[in-house]
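# Secondary and tertiary structure notes
Here's the letter readout for the chains.
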Amino acid sequence: MSAALNDLSLAEARDMLGAREVSAQELTDAHLEAMQGAGALNAFVVETADRAHADAVRSDERLGKGEGGILEGIPVAIKDLFCTQGISSTAGSHILEGFLPPYESTVTANMWREGAVMLGKTNMDEFAMGSSNETSFYGPVRNPWRANGDDRDRVPGGSSGGSAAAVAASLCLGATGTDTGGSIRQPAAFTGIVGLKPTYGRCSRWGIVAFASSLDQAGPMTRTVRDAAIMLRAMAGHDPKDSTAVDVAIPDYEAALGRSVKGLRIGIPAEYRIDGTPGEIVELWDEGIAWLKEAGAEIVEVSLPHTKYALPAYYIVAPAEASSNLARYDGVRYGLRHDRDDLTDMYEATRAAGFGAEVKRRILIGTYVLSAGYYDAYYLQAQKVRTLIADDFRNAWNKVDALLTPTTPESAFGIGEKSDDPVAMYLNDIFTVPANMAGLPAISVPAGLSAHGLPLGLQVVGRAFDEETVLQVGHVLERAAAFDHRPAPWWRDQS
Amino acid sequence: MSLDKATVARIARLARVSLPEKDLAPLAEELSGILTWIEQLGEVNTDGVAPMTSVVGHALHHREDQVTDGNCRNDVLANAPESTDGYFVVPKVVE
């Protein structure tokens, strides 16, 4: 008996579709059925079964003629931050409730052109601001994973928590995420899947609801490194509609997999050894170093001296950009409106009702650090520190080809555990934020389980536009870790 | 840096978010906590360091100066909470 169709990897499904051993419609039905039994996870905010059926029929026709794109017939889920034409796109916010975009984001348009089948839109932290998915207006996502002997609900990480949960629970073969400070990699680590944040500029940001424009980047979330390589190729590309989407050739990322890492120099940044990091995270990191050494890589100690300032600098730059980007939600052109007799009162009432607590917090911080008299001390200083962070990486690339670090300082925590302490929540992104500040590609690969049976991830960071090395090293880690654990499907009893 | 209630009320006004009086004190405390944590950036010597303006540093593309979009008024208005005769409608601003 072969595995259930929704438990295949994207690459396996692609090969079976190509060989006509399975139809896109069968594959799609298997996923829609799995979604129906997974309502308890709250991973999806919109399910698009009719669209999925239509897409699958089209894919079967193309495949029958021996045609088809990179993702032909592959059922995927889309983070609700991506605008999808005629399909509700809310960014997890009340203020965009009912918004039906009249256009399609470039990344999703690329995926449909390559034949992907759309299953629905996934839940997320409001406007991608959060590390736990608890700031969503549509309720928290529950992590498919539970600790051993403990049936309390855990967060899936965030902000791409719905996408992560959907991939981990085999509700889709891959999902899009976006990563501003770790929003692909941290949930990937918390749910035992692969998450890749490409280089800033690799994927177009056009049609993705903006959070912090100089940091936001879309990327794939999948169950294997190979799947991420396949999906990135379909998502990436130059776009005249986003001036920061770079016009450089898109390699065949899959071809990088399986290349030996013999002689490759892997940097271990000393500053990521932070006091108070749990022993099991440090041990996993050491194990990762040993795996790469065994595969022939040269391990080099490096220093990234400004690492500890990346997170505080991020919490100036990101809220500053967000406060500016979110000014557009004014109750006039789309979304929620709370009517008042006076225009300014209408703006204020609409925004007070439409934004949640964390979004308001960041809008206020951003407004404050950009306000007269404080700009130099906060924003300008943060952008200078950002230059120093990018210089640290540039210096490291003289000595090494990629860096290996843990993805997160801990495993998935309980729902509600950190909601009262914003700074404690922010610290979850301590290992992921530096790559965003410097625009670099980084992957999280599931590498082991905690003492309580929860997944842990290792992160590989590479040079700008060198996703190939990141994938190549990630693939070696994946094979060495042989992470084949899956969460027990408790959610099926609750739907 | 510690923010007082008046400062929170002022930035909320700048950001066009109305806040009930009872939220001002707890928000002032929360935001002060975040800003105090952020202020460790002050200890970094940035003399002579240029602020980052472009993260990847590539040159921007030029394109032909041509109209590539338009004639989609109904699409633009389709999501408006209120519109009339092809216009967005807002509360009266001129007496």
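So, here is what we can say about the structure in this document. From a predicted model like this one, the values you see are computed outputs, not experimental measurements.

Taken together, the contacts link 67 residues of chain A with 49 residues of chain B. Across the chain A/chain B interface, buried area totals approximately 4,900 Å², and carbon plus sulfur atoms make up 70% of it. Per-residue buried area on chain A facing chain B is highest for E348(A), L364(A) and Y368(A); these three make up 14% of the total on that side. Connecting chain A to chain B are 4 salt bridges. As a salt-bridge pair, R13(B) and E348(A) come within 3.1 Å of each other at their nearest N and O atoms.

What follows covers the sheet that holds strand β10 (residues 442–449) of chain A. Residue and element names in this part refer to chain A. Across the sheet, which stays open at both edges, the 11 strands sit in the order β1-β3-β2-β4-β6-β5-β10-β11-β9-β7-β8 with mixed pairing between neighbours. Only two strands of the sheet have a single neighbouring strand rather than two, namely β1 (44–47) and β8 (298–302). Within this sheet the neighbouring strands show an average axis-to-axis angle of 30 degrees, counted without direction. Pairing of β1 with strand β3 (residues 117–122), which is carried by 3 bridges, proceeds in the antiparallel orientation. Paired with V46 across the strands is K121, a residue of β3. Strands in contact with helix α2 (residues 24–36) are β1, β2 (75–79) and β3; relative to β3, the strand with the most contacts, it is inclined by about 20 degrees.

Before going further, it helps to spend a moment on the environment of A318(A). Relative to the helices and strands, A318(A) is located in helix α9 (residues 310–325). With 282 residues separating them along the chain, A318(A) and Q36(A) place their C-alpha atoms 36 Å apart.

Turning next to empty space enclosed by the protein. All names here are of chain A. A complete count under the given rule lists 1 cavity of 30 Å³ or more for this structure. Estimated volume of the largest cavity: approximately 50 Å³. Along its surface, the largest cavity is lined by A128, M129, G130, S131, G158, G181, G182, S183, Y314, Y315, R362 and D429.

Reading the values: rules and limits
Residues numbered from 1 in each chain as written. Chains lettered and ligands numbered in written order. Predicted model: local features only at pLDDT ≥ 70, side-chain atom pairs only at ≥ 80, totals over all residues. Heavy atoms only, no water. Contact = heavy atoms within 4.5 Å. Buried area = accessible area lost by both parts, 1.4 Å probe. Salt bridge = Lys/Arg side-chain N within 4 Å of Asp/Glu carboxyl O. Pairing = 2+ DSSP bridges. Helix = DSSP H or I, 4+ residues; strand = E, 2+ residues; numbered from the N terminus. Axes fitted to C-alpha atoms, helices over the stretch in contact; angles between N-to-C directions. 1 Å grid on protein atoms, 1.4 Å probe; cavity = no way out; pocket = protein on both sides within 12 Å on 5 of 7 lines; lining within 4 Å. Points joined across faces, edges and corners; volume = space filled by probe spheres on them.

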